Amino acid sequence: MLTADVFSAFGSRFSVVAIPWLVLITTGSPAKMGLVAAAEMIPYLLTSVLAAPIADRFGMRRTSITCDLSSAVAMSIVAAAPDFGFWQLVLLIAVSGGMRGVGDRVKHVLLRPVTAESGIPMIRVTSAYEAMNRTAGLIGAPLAGILVATLGARHTIWLDAGTFLAAAVLVWALVRPAPEPEEVAPAKEPYLKALRGGFSFLRTDKLLLGMIATLFLINFFQQAASTVLLPLWVQEVFGSPTRIGIILGVFAAGSLAGNVVFTIFSTKLPQMLSFFIGAAIGGAPRILVLGLTDNLAVVLVVTFLAGFGIASVNPVVGAILYERIPVELQTRVFGVVAAVAVSGIPIGSALAGIAAASAGLKPTILVGGAVLLTLTLIPLARYRRASSEPLATEPARPAGEAG
């Protein structure tokens with residue numbers, strides 16, 4: 001299951017590099033590059049939520065295989081048709097993005113039954129899952145750039161199609177979880193009632209709502225930093241784009257190192273405390289340091305530590321989602337969680353650009369970093385007050401019991 005997801009993640013990284021490059025060399029239009037990116041992301045977010053009840057009816061394993069095969073076919077058509085029109089390309093990219101949205105959600109849901117059969121603690125599996133996906137991100141994008149430069153965009157897209165096919169074959173051949181008992185199988189509800197069920201459950205769980213809000217904020221500010229504030233800072237301080245790659249690479253390396261360490265010690269650490277500390281360390285410091293110093297070495301050290309700290313956030317969220325959400329609602333609630341969390345990405349980039357243009361780079365960095373730091377320290381302070389024991393000696397406890 002994890003290997004299939006890594007293949008799918010590699011394919012996504014290949015497409016992120018190869019498809020915009022293909023659009024640029026065939027149309028010469030940056031605006032069309034942005035349109036293609038939106039054509040993939042918007043259906044991805046929509047199907048994450050809207051297709052969840054359909055996936056429940058169709059079956060998790062069957063949906064995963066169908067979505068990966070559909071993405072493979074869509075990418076194969078893009079690679080095989082050199083004279084394809086732009087709007088036909090947008091349509092195919094939208095199909096692939098929509099399939100990936102629901103396909104990613106059902107893969108997450110499938111992790112629960114296969115983990116239960118393996119006997120491995122869920123927090124360790126979600127941490128390993130995060131580490132493997134970060135590895136795919138760390139290797140996949142640079143590898144895609146090399147492949148596009150050496151093989152060309154269309155041949156790289158063929159490889160993209162191959163990764164989706166490999167993921168489908170792996171799930172078909174090797175992922176066969178035991179059937180769910182009748183009492184936990186998803187109910188055959190009308191579509192709209194099933195869709196409302198996911199929102200209704202989430203609305204009643206304050207802990208999950210708080211965690212989702214934190215994820216939204218982190219994605220919002222991290223995307224603003226990576227795509228707008230960091231490039232502007234590098235241009236202003238160094239005048240060379242090479243430092244952008246170095247800083248982002250150091251953050252990715254810190255995240256991967258943190259995931260490896262967290263995977264080893266995850267079962268011994270209190271989950272909610274790990275989440276709050278990770279969010280506080282991994283969010284604001286890497287933004288604030290850009291406004292406080294021009295020393296690249298200091299920025300790299302803080303960036304690495306931020307990456308190391310953020311590594312605990314997604315595994316804890318994943319484990320708590322499995323623990324708190326009833327099996328029959330997981331596909332729907334997972335879709336809502338993903339859509340809300342990921343929606344911070346495009347919003348952050350847009351607002352950061354407007355703020356930097358109107359207020360200036362340094363004020364935007366300092367105010368944004370201070371706001372994120374405050375918002376991530378508040379729940380940590382509340383957790384400290386709610387705990388009857390000092391942080392250093394607090395025993396690990398089930399996620400459902402955290403304050």
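Note that the coordinates shown come from a computational prediction; the quantities given were computed from them, not determined experimentally.

Glancing now at the overall build of the protein chain. The number of helices and strands found in the protein chain is 17 helices and zero strands. Here the protein chain holds 403 residues, and 49% of them are scored as buried. Residue pairs in contact within the protein chain that sit at least 24 positions apart in sequence constitute 85% of those at least 6 positions apart. Of the roughly 17800 Å² of accessible surface on the protein chain, a fraction of 70% belongs to carbon and sulfur atoms.

So, on to the confidence of the model for the protein chain. The predicted model of the protein chain averages 80 in pLDDT, with 87% of residues at 70 or higher. A low-confidence stretch, residues 388–403 (pLDDT under 50), is modelled with 28 contacts involving residues beyond four sequence positions or located in other chains.

Let us look at the pattern of salt bridges. Taken as a whole and assessed by the stated rule, the structure comprises two salt bridges. With a closest N to O distance of 2.7 Å, Lys107 and Asp68 form a salt bridge. Placement of Lys107 in helix α5 (residues 86–118) and of Asp68 in helix α4 (residues 60–80) is noted, with a sequence separation of 39 residues between them. On the accessibility criterion, Lys107 (2% relative accessible area) is buried. Put simply, Asp104 and Arg100 hold a salt bridge, and the shortest N to O gap is 3.8 Å. Pair noted here: Asp104 and Arg100 are both in helix α5, with a separation of four residues, about one helical turn. Overall, the relative accessible area of 12% leaves Asp104 in the buried class.

Before going further, it helps to examine the packing of α4 against helix α7 (residues 153–174). Angle between the axes and distance between the axes are the two parameters that describe a pair of packed helices. Contact geometry of α4 with α7 gives a least axis separation of 8 Å together with a crossing angle of 165°. Classified by the interaxial angle, the pair formed by α4 and α7 is roughly antiparallel. In the crossing of α4 with α7, the sense of the turn from one axis to the other is left-handed. Contacts between α4 and α7 involve Arg61, Ser64, Ile65, Asp68, Leu69, Ser71, Ala72, Met75, Ser76, Val78, Ala79 and Ala80 from the first element and Arg154, Ile157, Trp158, Asp160, Ala161, Phe164, Leu165, Ala167, Ala168, Val171 and Trp172 from the second. Partitioned by chemical class, the residues of the contact of α4 with α7 number 16 nonpolar, three polar and four charged.

With that settled, consider the nonpolar core. Ranked by internal contacts, the top residues of the largest apolar core, which has 54 residues, are Met211, Phe275 and Ile325. Ranked by the residues each element gives to this core, the list is headed by helix α14 (residues 313–324), at seven residues. If near-sequence neighbours (up to four positions away) are discounted, Met211 is found in contact with Met272, Phe275, Val316, Val317 and Ile320. One finds Phe220, Ala225, Ala284 and Leu290 within the second-largest nonpolar core, a separate group that totals 22 residues.

With that settled, the discussion passes to a nonpolar patch on the surface. A surface patch of nonpolar side chains, about 750 Å² in accessible area, is lined by Val260, Val261, Ile264, Phe265, Leu269, Val301, Phe304, Leu305 and Phe308. For the nonpolar patch, the elements supplying multiple residues, two or more each, are α10 (242–265) and α13 (296–310). Among the structural elements, Phe304 can be located in helix α13. With a relative accessible area of 33%, Phe304 lands in the partly exposed category.

Let's shift gears to the packing of aromatic side chains. As enumerated under the stated definition, the model contains four aromatic pairs in all. With 5.0 Å between their ring centres and 70° between their planes, Phe220 and Phe221 make a pair best called edge-to-face. Every member of this aromatic cluster is reached through a ring pair, and the members are Phe216, Phe220 and Phe221. Of note, Arg62 hangs over the ring of Phe58, and the distance from its end group to the ring centre comes to 4.9 Å. Sitting over the ring of Phe251, Arg286 keeps its end group 3.8 Å from the ring centre.

Counting through the fold element by element, Pro121 comes out in the loop between α5 and α6 (122–151). In this structure Pro121 comes out as partly exposed when scored by relative accessible area, which is 36%. C-alpha of Pro121 to C-alpha of Ser266: the two residues are 145 residues apart in sequence and 9.2 Å apart in space.

Put simply, helix α1 (residues 2–27) and α7 touch, their axes get as near as 8 Å, and they point 160° apart. Considered as vectors, α1 and α7 are oriented roughly antiparallel to each other. Regarding α1 and α7, the two cross each other, and that crossing is left-handed. Residues Thr3, Ala4, Phe7, Ser8, Gly11, Ser12, Phe14, Ser15, Ala18, Ile19, Trp21 and Leu22 of α1 touch α7, and the partners they reach there are Ala153, Arg154, Thr156, Ile157, Leu159, Asp160, Thr163, Phe164, Ala166, Ala167, Leu170 and Val171. A breakdown of the residues in the contact of α1 with α7 according to their chemical character gives 15 nonpolar, seven polar and two charged.

Calculation notes
- Residues numbered from 1 in each chain as written.
- Predicted model: local features only at pLDDT ≥ 70, side-chain atom pairs only at ≥ 80, totals over all residues.
- Heavy atoms only, no water.
- Helix = DSSP H or I, 4+ residues; strand = E, 2+ residues; numbered from the N terminus.
- Buried < 20%, exposed > 50% of the residue type's maximum accessible area, 1.4 Å probe, protein only.
- Contact = heavy atoms within 4.5 Å.
- Areas by Shrake-Rupley, 256 points an atom, 1.4 Å probe, with all protein chains shown as cover.
- pLDDT = per-residue confidence, 0-100.
- Salt bridge = Lys/Arg side-chain N within 4 Å of Asp/Glu carboxyl O.
- Axes fitted to C-alpha atoms, helices over the stretch in contact; angles between N-to-C directions.
- Parallel < 35°, antiparallel > 145°, perpendicular 65-115°, else oblique.
- Left-handed = near helix turned anticlockwise from the far one by under 90°.
- Nonpolar A, V, L, I, M, F, W, Y, C, P; charged D, E, K, R; others polar.
- Core = buried A, V, L, I, M, F, W, Y, C linked by side-chain atoms within 4.5 Å.
- Patch = residues over 30% accessible without salt bridge, like charges linked within 9 Å, V, L, I, M, F, W, Y side chains within 5 Å.
- Phe/Tyr/Trp six-rings, centres within 6.5 Å; stacked < 30°, edge-to-face > 60°.
- Lys NZ or Arg CZ within 6 Å of the ring centre and 35° of its normal.

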